[in-house]
Amino acid sequence: MLNELLIEEIIKEERISPVYQPIVSLSTGEIFGYEALSRFDLQRNESDTVSTRDIFQTAYQNGQLWDLERLCRKKALEGARHISHGLKLFLNVSPNVIHDNQFRSGFTNKYLNKYGISATDVVFELTEHMAIENMDSFKSVLNHYRRQGYETALDDVGAGESGLNTLLALNPTYLKLDMEIIRDIEKHHNKRSLVKAFVQFANTSNTILIAEGIETEKELAVLIELGVDYGQGFYLGRPEPQLSPLRADIRKTLSGLLRTPQKTVYQPLTLKKIMKSDEINQYIDSGNLFLERLGYTEHSRVHSAKVSCTAGKILAELNYSEEDIELARIAGYMHDIGNCVNRTDHAHTGGILAFQILTRMNIDPAKIAKIVGAIGNHDERTGCATEPISAALIIADKTDVRRNRVRNPEKTDFDIHDRVNYAAVSSELQIRPDKKEIQLDIELDNEICSIMDYFEIFLERMLMCRRAAEVLGCTFKLIANGSQVL
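Here the residue numbering is sequential within each chain, running from 1 through the sequence in written order. Only residues with pLDDT of at least 70 are given local features in this predicted model, and only at 80 or more are side-chain atom pairs given and counted; all residues enter the totals for whole chains, interfaces and linings. Derived side-chain values reflect all non-hydrogen atoms in the structure, with water molecules and hydrogen atoms excluded from consideration.

Bridge count between strand β10 (residues 437-444) and strand β11 (residues 475-480): six bridges; the pairing is parallel. Paired with D441 across the bridge in β11 is I479. Criterion used throughout: strands pair if DSSP finds at least two bridges between them. Under the DSSP-based scheme used, a helix requires at least four consecutive residues in state H or I and a strand at least two consecutive residues in state E, with every element numbered from the N terminus. Both β11 and strand β12 (residues 483-484) contribute to a ladder of two bridges, which runs antiparallel. Looking at β12, one finds that A480 is bridged to S483.

This is how it looks when you write it as structure tokens:
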């Protein structure tokens, strides 16, 4: 049974043996340092029921934590007295012990010099198994040690105990990811995404990331691919009584993984995912509202969805790949997001916005390039079709002529754009793969708009469609009121 008397016996008889687990650089394959852990010399009946955490928790409850941790540190420093200069020694410290005056007196440079260890090589690894009682006082103490050269690490990041508030408040040098996040990471997209987010946070906050609990080569490979700085776990090396080097087989595995370019795993991309994006839909809605105030025709999600559908249909009818068909649909839905910034150069702005959105979604750059290239080239004043996806988008966008795109309720106030769209009684885009033809059939109400008016506005767009059709290996025809005009 774990009680005060047993803790007292452990301390008095120094029934503690230090062990050291290597922490390895995942960029060089070299040992970066060691974490000092404590193993308690218990009787058989005690060791079967008592965990290390139980011992520290009981010591805390009985007011014995300071004495127990002091003994652990003493043993750890004695055992590490031959550690090479420059290698880090991680020492576990409870938050409610580090600010004790006895701790301060026990960690002077003079004390460390006894064991030939520099303060700059010591990392206080803060465990959060016990709540920090006074955060302001705790931060003040940490700053005291930082000024002397010590570094700090926050343990079990990502577990419930190491919350984001603690992380932000303490600003540690190292973040040690909880082993449950690492377990089977190659099988779980959510875990991979979470670690990637921590890598991005570490890169922008000047923090160093350490993955704990690595138990397989597959886990190690994913962590290297994601850019985690350091790793620790049974696969890399078990805790040993000595500061042991890496095994030869592990060094060989690391060398192979670090020498072989890792294949980046990208997220799948579908039109459904894009259409559910609140960010993309907000940009479309904002751009549509902006254009309405300027007197432009409708550029809402209805237009985006119609262009998306038509672009996909064009490539499907012409027997393009499923991937190109889906990318054309996606480009069609996103093509007008740049209107939320300004109508001028909206195609280029939209391409940049799409690049940022899709990059954050971890989409394959090859797919991103096709989508943003199509979006950036769909305006007749600055763009042109260069490949099938951009060609399909251009034709789908420029042939969306329909009466219900007009938003001006007063016919007497129609400008020429309103008249042309309102005059479109019907329109149909036909794709004829056998004849290699793409044909727009449009019926215009001549009392509202003449064919000459239509050409005044849309000739440049129809010529752009003709060039786009050529990219697809087709000819483009415009039939207005039954007569071929292009």
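Here the narrative resumes.
Grouped together as the largest cluster of nonpolar side chains are 61 residues, with contacts concentrated most on I314, M334, I395, I438, Y454, M462 and F476. At eight residues, the largest contribution of residues to this core is made by helix α22 (residues 451-471). Should any heavy atoms of two residues lie within 4.5 Å, those residues are considered in contact. Discounting residues that sit within four places of it in the chain, F476 has contacts with T399, I438, L440, M462, C465, R466, A469 and L486. To qualify as a nonpolar core, a set must consist of buried Ala, Val, Leu, Ile, Met, Phe, Trp, Tyr and Cys residues joined through side-chain atoms within 4.5 Å. A 1.4 Å probe rolled over the protein chains alone gives each residue an accessible area, and that area as a share of the maximum for its type sets the label: buried under 20%, exposed over 50%, partly exposed in between.

This part takes up the sheet that holds strand β4 (residues 122-126). One closed barrel accounts for eight strands, arranged β1-β2-β3-β4-β5-β6-β7-β8; its pairing is mixed. By the bridge criterion, four bridges tie strand β6 (residues 174-177) to strand β7 (residues 208-211) in an arrangement that is parallel. Looking at β7, one finds that K176 is bridged to I210.

Looking now at the layout of surface pockets. Definitions used throughout: a 1 Å grid over protein atoms alone; a cavity as a set of points that fits a 1.4 Å probe which cannot get out; a pocket as an open set with protein on both sides within 12 Å along at least five of seven lines; a lining residue as one with an atom within 4 Å of a point. Grid points are joined across faces, edges and corners, and a volume is the space filled by probe spheres set on the points. In this structure, the second largest pocket encloses a volume near 540 Å³. Taken together, 28 residues line the second largest pocket, and the ones lying closest to its centre are Y296, R343, E380, H417 and R461. Contributions of two or more residues to the lining of the second largest pocket are made by α20 (388-398), α21 (416-423) and α22. Of the residues forming the lining of the second largest pocket, the biggest block, seven residues, is contributed by α22. Classification used: nonpolar for Ala, Val, Leu, Ile, Met, Phe, Trp, Tyr, Cys and Pro, charged for Asp, Glu, Lys and Arg, polar for all others including Gly. Here the residues of the lining of the second largest pocket are counted per class, giving seven nonpolar, eight polar and 13 charged.

Once that is clear, we can look at the environment of V420. With respect to the element layout, V420 can be found in helix α21. Using a relative accessible area of 0% as the deciding quantity, one classes V420 as buried. For the pair formed by V420 and C449, sequence separation is 29 residues and the distance between their alpha carbons is 5.8 Å.

The strands making up a sheet associate through hydrogen bonds between their backbones, and the pairing can be parallel or antiparallel. Ordered by their spatial adjacency, four strands build an open sheet running β9-β10-β11-β12, and the pairing between neighbours is mixed. Strand pairing shows two members of the sheet lacking a second neighbour, β9 (424-432) and β12, which therefore form its edges. Taken strand by strand, helix α16 (residues 301-317) contacts β9 and β10, and its axis lies near 30° from that of β9. Helix axes are fitted only over the stretch in contact, all axes being lines through C-alpha atoms; the angle between N-to-C directions runs from 0 to 180 degrees.

Quick look at helix α18 (residues 346-360) now. An ideal rise of 1.5 Å per residue puts 21 Å on 15 residues; α18 measures up with 21 Å between its terminal C-alpha atoms. What α18 keeps buried is the set H346, A347, G350, G351, L353, A354, I357 and L358. Elements in contact with the buried residues of α18: α14 (271-275), α15 (278-294), α17 (322-334) and α19 (365-376). One less than the residue count of a helix, multiplied by 1.5 Å, gives the span that helix is expected to have.

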